[in-house]
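Listed below are the residues making up each chain.
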Amino acid sequence: MDSISIRKTFLDFFNSKQHQIIDSAPMVVKNDPTLMFTNAGMNQFKDIFLGNSQIKYNRIANTQKCLRVSGKHNDLEEVGKDTYHHTMFEMLGNWSFGDYFKNEAIEWAWELLTDVYKINKDQLYITIFAGDSSEGLEKDKEAFNYWKEIVPEERIILGSKKDNFWEMGDTGPCGPCSEIHVDIRDKSEREKSDGASLVNTGNPLVIEIWNLVFIEFNRKQDGSLTSLPAKHVDTGMGFERLCMVLQNKKSNYDTDVFQPLINEIANRANVKYGLNENTDIAIRVIADHLRAISFAIADGQLPSNNKAGYVIRRILRRAVRYAYTFLGVKVPFINELLPTLVNQMGHVFKEIKSQEIIIKKVITEEENAFLRTLSKGIQKFENYISTSYEKKIIDGSFAFELFDTYGFPIDLTQLMAEEKGWTIDMSGFNKGMEEQKTRSRSAGAINAGDWIVLQNTEETEFVGYDTLEAEVNIIKYRKVKSKDKEFFQIVLDKTPFYAESGGQVGDKGCLLSINDNIVIVDTKKENNLIVHLADELPDDLMKTYTAKVDIDKRIHTADNHSATHLLHKALRIVLGNHIEQKGSYVDEERLRFDFSHFSKLTDEEIINVEKIVNEKIRENIHIEEQRNIPIEKAKELGAVALFGEKYGDFVRLIAFDTNFSIELCGGTHVDATGNIGLFKIVSETAIAAGVRRIEAITADKAIEYYTSQSNTIDEINKILKNPKDIIKAVNNLIEQNNNLQKQLDEFNKEKTKIVKTELIKKIKKINNINYLAEKVNLDLKNIKDLAFSIKSEINDLFLLIATESDGKPSISVMISENLVKDKGLNASNIVKELAKEIDGSGGGQSFFATAGGKNIMGIESALAKSINYIN
RNA sequence: GGGGAAUUAGCUCAGUUGGCUAGAGCGUUUGACUGGCAGUCAAAAGGUCGACGGUUCGAUUCCGUUAUUCUCCA
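Please read all numbers here as calculations on a predicted model, not as lab measurements.

Engineer: What's the story with the overall build of chain A in this structure? I'm lost.
Structural biologist: Along chain A, the regular secondary structure elements total 25 helices and 36 strands. Over its C-alpha trace chain A gives a radius of gyration of 37 Å, far above what one expects of a compact globule, namely 29 Å for 871 residues. Each principal axis of the C-alpha distribution contributes one length, and for chain A these read about 120 × 75 × 55 Å. Buried positions account for 50% of the 871 residues belonging to chain A. Carbon and sulfur atoms make up 47% of the accessible area of chain A, which amounts to about 41,700 Å² in all. A distance of 6 Å separates the average location of the 111 positive side-chain charges in chain A from that of its 129 negative side-chain charges.

See below:
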């Protein structure tokens, strides 16, 4: 069975069991501070488990794109070395939310694996939770009894809390799980030893294939467990692994999920897969990482220099490094593999097909950038080797500097050192690493206290679309410490405050009562929870408060947000339908819109975009809002859906003229476009390969902009005495200035020349030295020129020039090089001594030195004393 | 969020106890050689040393602030 049918069979099977089949959520997670990427199938249902969201379907199944590269599940460094770790993988799963439980979950899993996929029953083993006395938990008898009916008892293995009890985090929903393991060893091996003894022992051929989690408890802060009223089923089956089993392979990489990529890589690198351990690893790394970065970029996460974007960059760089070191490919080529991937997965995951061009462009650019980083690191490394050749040990601190500051991978440093017969002081390197880690941890440590729950309410009601003021009660709060700040997070039963999301900043405002005025400094979202940030708590937490949003900030933010929608559509009209939103930021000051486009916008295009937006503003189009419509209907209406945004099945739709702009959007907007007033683009720049950024202002800010521009022109006009043609007048001025500057230079040259000839005339020959000490009226730069110029004409020169500028004296001494050498004269020393006369100090080189001081009266004596040096 | 680094000619970069009136290669322009292309040789132009402030007689160099970029950690 090929991988495409395997995936389809899974979804069809659960569809036939009345499951709603849903799309994969984006790999890139928004609104969850604890998670950067989707790392398990259940992530998008976290709010349901936590009770923050309502259940829309009782039964769901899907295939979920997952990425395990950071945090608790970090498989990045393992990828490639074995046959089963991946950064990106698909997780097949079926869920029950308060609907069916252990019985059906077990029955269906068995049916699918053995009846549908036809896996040999003798090769399957079951694990169930054995119980844990320290938790006061008994063996999962329920699961055991169900399994016993379908599987011989000796194939059911009791597992510990570590293997068979699943927890989402330190607190929250959890429960026992039951895993299905499969033994894919050769028949002869299976006959020799029992597979049961190899379950959970790390054998790559006796592996877990499906994990069925039964969520029935809630872990409280004090560590105790309570039984949940609604029990859930959460299952996960690794797709790539399933393919391996069904295709009778011993490695995920041997399945048709990876083989086309592997062949392509081997082809292009001109190596054969399966002959050499090192090149095999490299090929697997590249195949895996290409998938991860392509899907991440499609989900809207561009490589960048921090956070999630940085993780993506690192994955790509790991791939480039393996290609560079083990395949000897030193030019960008990973981007060229993309068509193979798109060909293979584009029909299921449409996002990589529709964005193929931009993904390729971004990868190419990143490859080039990293190859540059590598060559810089190599240069640094070779410099180091050549300057400290005697010891043949590379300092840990230098290796760390290369890694930390220049991004040069440590194992590459090791490899290069080995080639030269050097070693690296790894303990020094590790020490630097440790220091860096502890520094970061202590700085980033956020100490969140327990939630203090005052009321039990399911979900905060957001009323901010309709009102900016509401009577509210506090349902829970907690104190949060981060580094030197301490603040409170407050959750309300309902709130007019918009929480930061979709690029729009969170609201500010206050909680008011007769005696209290608590300032809300920001509003953020943690999953679906709207959290208000405040520096202090109200005195009486049980009271009802008036929650008031900062109206000015909200209105101006809405201006900018609505303008962003108009801009988006205008860009599509002017530039074409390839425009995809890649990022957006909206606050009360301005708006920022990143979008895919391949060249700089011309002045004309920018003017056209501005023109369209301003026309739509003048049309004063009223907003059409539909708050809860099914996503299918929204798409029918032509709404622009954004990759990288997570949508429920019901969405909010914002239209300004249904024939013009329709977008799915949770943000706050103006009632009619006329409120925006005026729209002005202030900058257009590139931010990544194929991605451009427009920054713009609206309303008051735009008017201020034009006012200040106009004032500037008025000022210039005034200064130039109202010329007919201001541009011509300025050009004339510049030209005149250039001419004058030229003349001035000429004049100074002339003057210097005259002074020079006069000075040369005054030179006296004393003891075979051409001596002169004079005061002149030139600035310091000209004196320097003068001194060098005289030196080039007069041999055996001892020259002292003094001058006065801004009421301060300064002296310069110039001595011919041969005198410096033969007579031991040193201009620097001489000038230091003479500087005493003018209450100053100075220095310089042995043939030319300068000094400055405070006492003008000392110039004469300094000039007089200079003769002592040649006598 | 925290650390490290970079920013010098159109491009790629040198430039250490603060003072060599700021350099190289490539590119550009001009001239010579050649029938032309190309090339060789010679010469020239091109610098607010990222911005602002401080220390100093003097700052590309030292210190602080800031901007941008790179990089590592969380």
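Engineer: How do you make sense of the pairing of strand β33 (residues 797-805) when you look at a structure like this?
Structural biologist: The two faces of the sheet receive side chains in turn, since in a regular strand these alternate between them. Taken across its 9 residues, β33 has 7 buried, putting it largely inside the fold. Where strand β32 (residues 769-775) meets β33, 6 bridges bridge the pair, whose relative direction is parallel. Opposite A773, over in β33, you have L800 as the bridge partner. Note on the crossover from β32 through helix α22 (residues 780-793) to β33: the handedness is right-handed. Sheet topology note: the β33/strand β34 (residues 808-815) ladder contains 8 bridges and is antiparallel. Following the sheet pairing, A802 is matched in β34 by I811.

Engineer: Hey, could you run me through the protein's contact with RNA strand B in this one?
Structural biologist: If you check the shell around RNA strand B, you find 31 residues, and the closest are Y310, R317, D404, S440 and Q845. The contact in question runs from a phosphate oxygen of RNA strand B to an N or O atom on the side chain of R314, over 2.9 Å. Residue F403 places a main-chain N or O atom 3.3 Å away from a sugar or linking oxygen belonging to RNA strand B. At the level of secondary structure, the elements contributing two or more residues to the surface near RNA strand B comprise α10 (307-326), α14 (396-406), α16 (426-444), α22, β35 (841-844) and β36 (848-852). Broken down by element, the residue count for the surface near RNA strand B peaks at 6 residues, all from α16. Of the residues assigned to the surface near RNA strand B, the class counts are 8 nonpolar, 12 polar and 11 charged.

Engineer: Explain the packing of helix α8 (residues 259-269) against helix α11 (residues 338-345) to me, please; I cannot follow it from the model alone.
Structural biologist: Between two packed helices, what matters for the description is the angle formed by their axes and the separation of those axes. Put simply, α8 and α11 touch, their axes get as near as 9 Å, and they point 165° apart. As judged from the angle between their axes, α8 and α11 are roughly antiparallel. The crossing of α8 and α11 is right-handed. Here P260, L261 and E264 of α8 lie close against α11, whose contacting residues are T340, L341 and Q344. For the contact of α8 with α11, the residue count by class is 3 nonpolar, 2 polar and 1 charged.

Engineer: I would appreciate a short explanation of the sheet that holds strand β27 (residues 650-656) in the present structure.
Structural biologist: Hydrogen bonding along the main chain pairs the strands of a sheet, whether they run parallel or antiparallel. Spatially, 3 strands are ordered β26-β27-β28 in an open sheet, and the strand pairing comes out antiparallel. Because the sheet does not close on itself, it has two edges, and the strands there are β26 (623-630) and β28 (661-664). With direction set aside, neighbouring strand axes in the sheet form an average angle of 20°. Looking at chain direction, β26 and β27 are connected through 6 bridges and run antiparallel. Among the inter-strand pairings, P630 is bridged to a residue of β27, identified as F650. Across the sheet, helix α17 (residues 551-575) is in contact with β27 and β28; its angle to β28 comes to roughly 115°.

Engineer: Would you take a moment to explain the pairing of β35 for this structure?
Structural biologist: Pairing of β35 with β36 involves 4 bridges; the strand directions are antiparallel. By the bridge assignment for β36, G844 is matched with A849. Between β35 and β36, which pair antiparallel one after the other, the connecting turn spans 3 residues.

What counts, and at which threshold
Residues numbered from 1 in each chain as written. Chains lettered and ligands numbered in written order. Predicted model: local features only at pLDDT ≥ 70, side-chain atom pairs only at ≥ 80, totals over all residues. Heavy atoms only, no water. Helix = DSSP H or I, 4+ residues; strand = E, 2+ residues; numbered from the N terminus. Rg over C-alpha atoms; globule rule 2.2 N^0.38 Å. Buried < 20%, exposed > 50% of the residue type's maximum accessible area, 1.4 Å probe, protein only. Areas by Shrake-Rupley, 256 points an atom, 1.4 Å probe, with all protein chains shown as cover. Lys, Arg positive; Asp, Glu negative; His and termini not counted. Charge placed at Lys NZ, Arg CZ, Asp CG, Glu CD. Pairing = 2+ DSSP bridges. Right-handed = clockwise from strand over helix to strand, strands pointing away. Near = heavy atom within 4 Å. Polar contact = N/O pair within 3.5 Å; in protein donor to acceptor, adjacent residues only side chain to side chain. Nonpolar A, V, L, I, M, F, W, Y, C, P; charged D, E, K, R; others polar. Axes fitted to C-alpha atoms, helices over the stretch in contact; angles between N-to-C directions. Parallel < 35°, antiparallel > 145°, perpendicular 65-115°, else oblique. Left-handed = near helix turned anticlockwise from the far one by under 90°. Contact = heavy atoms within 4.5 Å.

On their own, these measurements won't tell you what the molecule is for.
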